[in-house]
Amino acid sequence: MDELPDLATLSLAQIATLVAERRLPPVDQWNPTRCGDSEMRIARDGTWYHQGAPIGREAMVRLFATVLRREPDGSHVLVTPVEKLDILVEDAAFVAVELKADGAGEAAALTFRLNTGDLVTAGPEHALRVEQGDDGPRPYLHVRGGLEALVARAVYYELVDHALQADGDATPGVWSSGVFFPLAAA
């Protein structure tokens with residue numbers, strides 16, 4: 001199994017290179033006729049299950065995550081060129097478990113590591129949004145194709161700390177890749 005790089009030690013250029021090297025299959029182009037149920041679910045905490053048991057091999061979860069797609073009706077499927085299988089997603093498909101912040105103000109870049117090891121930098125194509133839930137604010141990061149990552153509570157507190165350090169902004173929020181993201185629920 002490939003060991004994940006230490007996000008804290010990576011430069012923005014190194015992060016950009018790692019993201020560019022990540023080649024995902026073209027799941028948006030696959031429309032197989034053979035369909036079924038994967039008997040899998042992704043729990044709210046990001047744990048992947050098959051037939052009720054957690055999938056313990058991280059490499060398997062990372063592999064499944066590469067063929068995960070969100071359908072126009074909001075459902076989720078695992079898709080290959082020959083088969084499409086439903087998968088239950090309780091909240092978000094991924095969890096943002098680590099944050100690296102570089103720069104300040106409009107020049108800032110916020111890169112998140114997902115529970116699958118993927119790196120996503122918030123910006124025009126990867127928006128941050130906050131919903132108000134029964135248990136407080138629920139921040140989400142757009143990953144790809146309608147798939148989102150729930151920002152883990154500890155990581156959200158880091159974002160709030162960055163927002164509090166920013167001066168002059170009337171609305172609490174953070175900058176990343178030239179985009180301002182409010183941290184209040186819409």
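In case you missed it, the structure is sitting above this.
*Asks:* So what about the sheet that holds strand S9 (residues 119-121)? Which residues, and what values?
*Replies:* Pairing is mixed in the open sheet, where six strands are placed in the order S9-S8-S7-S12-S11-S10. Bordering the open sheet on either side are S9 and strand S10 (128-133), each of which pairs with just one other strand. Adjacent strand axes in the sheet meet at a mean angle of 40° when their direction is disregarded. Pairing of S10 with strand S11 (residues 136-144) involves six bridges; the strand directions are antiparallel. Note on S11: the bridge partner recorded for glutamine 132 is proline 137. Sheet strands in contact with helix H3 (residues 153-165) are strand S7 (94-102), strand S8 (109-114), S10, S11 and strand S12 (147-151), and its direction is about 30° off that of S7.

*Asks:* An account of the sheet that holds strand S4 (residues 68-70) is needed here, citing residue identities and associated values.
*Replies:* Pairing between the strands of a sheet comes from backbone hydrogen bonds, and it takes one of two forms, parallel or antiparallel. Read from one edge of the open sheet, six strands run S3-S2-S1-S6-S5-S4, paired in mixed fashion. The outermost strands of the open sheet, each flanked by one partner alone, are strand S3 (53-54) and S4. Pairing geometry for strand S1 (residues 35-42) and strand S6 (residues 84-89), over five bridges, is parallel. Its bridge partner lying in S6, arginine 41 is registered against leucine 88.

*Asks:* Report on the pattern of salt bridges, specifying residues and quantitative values.
*Replies:* Counting across every chain of the model gives 12 salt bridges. One salt bridge connects glutamate 58 with arginine 62, and the closest N-O pair in it is separated by 3.8 Å. Residue glutamate 58 and its partner arginine 62 are both found in helix H2 (residues 58-66); the two are separated by four residues, about one turn of the helix. Here arginine 129 and glutamate 148 are joined by a salt bridge, their closest N and O atoms 2.7 Å apart. Of this pair, arginine 129 sits in strand S10 while glutamate 148 sits in strand S12, placing them 19 residues apart in sequence.

*Asks:* Just give me the short version of H2, but keep the residues and values in it.
*Replies:* Of the residues making up H2, those classed as buried are Val61, Arg62, Ala65 and Thr66. Axial view of H2: buried residues confined to an arc of 140°, hence all on one face. At its buried positions, H2 is contacted by strand S2 (48-50), S4, S7 and S11.

*Asks:* Please set out the pairing of strand S5 (residues 76-79) residue by residue, giving values where relevant.
*Replies:* Burial along S5 is two-sided: the face carrying His76 and Leu78 and the face carrying Val77 and Val79 are both buried. Looking at chain direction, S4 and S5 are connected through three bridges and run antiparallel. The residue of S5 that forms the bridge with arginine 70 is histidine 76. Counting the residues that bridge the hairpin from S4 to S5 gives five residues, and of these glycine 74 lies at a positive phi of roughly 95°. With four bridges connecting them, S5 and S6 associate as antiparallel partners. Note on S6: the bridge partner recorded for valine 79 is lysine 84. Count of turn residues in the S5/S6 antiparallel hairpin: four residues.

*Asks:* Give me the lowdown on the packing of aromatic side chains, citing residues and values where you can.
*Replies:* What the rule picks out here adds up to three aromatic pairs. Here tyrosine 156 and tyrosine 157 contribute two aromatic rings whose centre-to-centre distance is 6.3 Å and whose plane-to-plane angle is 45°, an arrangement assigned as tilted. Its end group placed over the ring of tyrosine 49, arginine 41 keeps NZ or CZ at 4.1 Å from the ring centre.

*Asks:* Which residues make up unusual backbone geometry, and what values do they have?
*Replies:* Unusually for a residue other than glycine, glutamine 51 sits at a positive phi of about 50°. With respect to the secondary-structure elements, glutamine 51 resides in the loop between S2 and S3. Positive phi is not limited to glycine here, since serine 177 has a value of about 55°. For serine 177, the location among the structural elements is in the loop between strand S13 (173-176) and strand S14 (179-182). Of the residues examined, serine 177 reaches a relative accessible area of 36% and is grouped as partly exposed.

What counts, and where the lines are drawn
- Residues numbered from 1 in each chain as written.
- Predicted model: local features only at pLDDT ≥ 70, side-chain atom pairs only at ≥ 80, totals over all residues.
- Heavy atoms only, no water.
- Pairing = 2+ DSSP bridges.
- Helix = DSSP H or I, 4+ residues; strand = E, 2+ residues; numbered from the N terminus.
- Axes fitted to C-alpha atoms, helices over the stretch in contact; angles between N-to-C directions.
- Contact = heavy atoms within 4.5 Å.
- Salt bridge = Lys/Arg side-chain N within 4 Å of Asp/Glu carboxyl O.
- Buried < 20%, exposed > 50% of the residue type's maximum accessible area, 1.4 Å probe, protein only.
- Arc of directions from axis to C-beta.
- Phe/Tyr/Trp six-rings, centres within 6.5 Å; stacked < 30°, edge-to-face > 60°.
- Lys NZ or Arg CZ within 6 Å of the ring centre and 35° of its normal.

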